[in-house]
Amino acid sequence: MKYLIPILLFVLLIGCTKNNEIPKEQSVSKSYLENKGFQVISYEGRAESYELTKQKIVTLPYMIYWGLQPVDPSMYFGKTINVEKFIVKNHPLSQGEVDVYVYEVNGQPIGGTSYPHGDTSVGGYWSLEGKTLEELQPKSFQDWQKDWINKYSN
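From a predicted model like this one, the values you see are computed outputs, not experimental measurements.

K.L.:
I would appreciate a short explanation of the sheet that holds strand β2 (residues 80-89) in the present structure.
P.N.:
The five strands are arranged β1-β2-β3-β4-β5 in an open sheet whose pairing can be described as antiparallel. Only two strands of the sheet have a single neighbouring strand rather than two, namely β1 (39-51) and β5 (126-127). Bridge count between β1 and β2: 10 bridges; the pairing is antiparallel. From the neighbouring strand, Q39 faces β2, where its bridge partner is K89. This element, helix α2 (residues 27-35), spans β1, β2, β3 (98-105) and β4 (108-116) of the sheet and lies at about 60 degrees to β4.

Laid out in structure tokens, this is it:
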């Protein structure tokens, strides 16, 4: 009986520790983030997976997500987009930790978005590098949205 409690405590401790190891499948995305100057703290898993379509890209929030990307979204219509979540440091959005969502197609990163980690008081969307749509697009949001919908609705 005197050995039972220490063994149970050990099992509980092992079961409750979080493994921050990044899976081998995510090494490409990890390198992608590190090449941008971010320090990868952890991989949090797949946040979402979807097929990119013209219908999806003209609805919120996907319209904003894809407006923040450095790539032409039409290149990925009909493809599966896997959104992988990481927590990083050394990011322009915050001196602390930042959630980044890497967009992958066929295992290759093509862009992503970011958000201050654990801060629900801020609203908005940011590119992987921490820029807003207004910083990336030369038009007002209303003009940009109208042009975006016209471009991808047809």
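K.L.:
Please clarify how the packing of aromatic side chains should be interpreted in this entry.
P.N.:
Aromatic rings considered in pairs are described by the distance between their centres and by the relative angle of their planes. For the structure on display, the rule yields 11 aromatic pairs. An angle of 85 degrees between the planes, with centres 5.7 Å apart, marks the rings of Y62 and Y65 as edge-to-face. Taken together, the positions of Y62 and Y65, both in helix α4 (residues 62-67) and three residues apart, correspond to about one turn of that helix. Take Y62: its relative accessible area is 13%, and that puts it in the buried class. Against the face of Y50 rests K56, its NZ or CZ located 5.0 Å from the ring centre. The residue whose ring lies beneath K56 is Y62, and the NZ or CZ to ring-centre distance is 4.1 Å.

K.L.:
What is the right way to look at the pattern of salt bridges in this model?
P.N.:
Opposite charge on two side chains lets them pair, provided their charged atoms get close. For the structure shown, the criterion picks out five salt bridges. Residue R46 pairs with E84 through a salt bridge whose shortest N-O separation is 2.7 Å. Here E84 lies in strand β2 and R46 lies in strand β1, a separation of 38 residues in the sequence. Residue R46 is classed as partly exposed on the basis of its relative accessible area, which comes to 49%. For the salt bridge of K85 with D99, the shortest nitrogen-to-oxygen distance reads 3.7 Å. On the criterion of sequence distance, the pair formed by K85 in strand β2 and D99 in strand β3 is long-range, its members being 14 residues apart.

Thresholds applied
Residues numbered from 1 in each chain as written. Predicted model: local features only at pLDDT ≥ 70, side-chain atom pairs only at ≥ 80, totals over all residues. Heavy atoms only, no water. Pairing = 2+ DSSP bridges. Helix = DSSP H or I, 4+ residues; strand = E, 2+ residues; numbered from the N terminus. Contact = heavy atoms within 4.5 Å. Axes fitted to C-alpha atoms, helices over the stretch in contact; angles between N-to-C directions. Phe/Tyr/Trp six-rings, centres within 6.5 Å; stacked < 30°, edge-to-face > 60°. Buried < 20%, exposed > 50% of the residue type's maximum accessible area, 1.4 Å probe, protein only. Lys NZ or Arg CZ within 6 Å of the ring centre and 35° of its normal. Salt bridge = Lys/Arg side-chain N within 4 Å of Asp/Glu carboxyl O.

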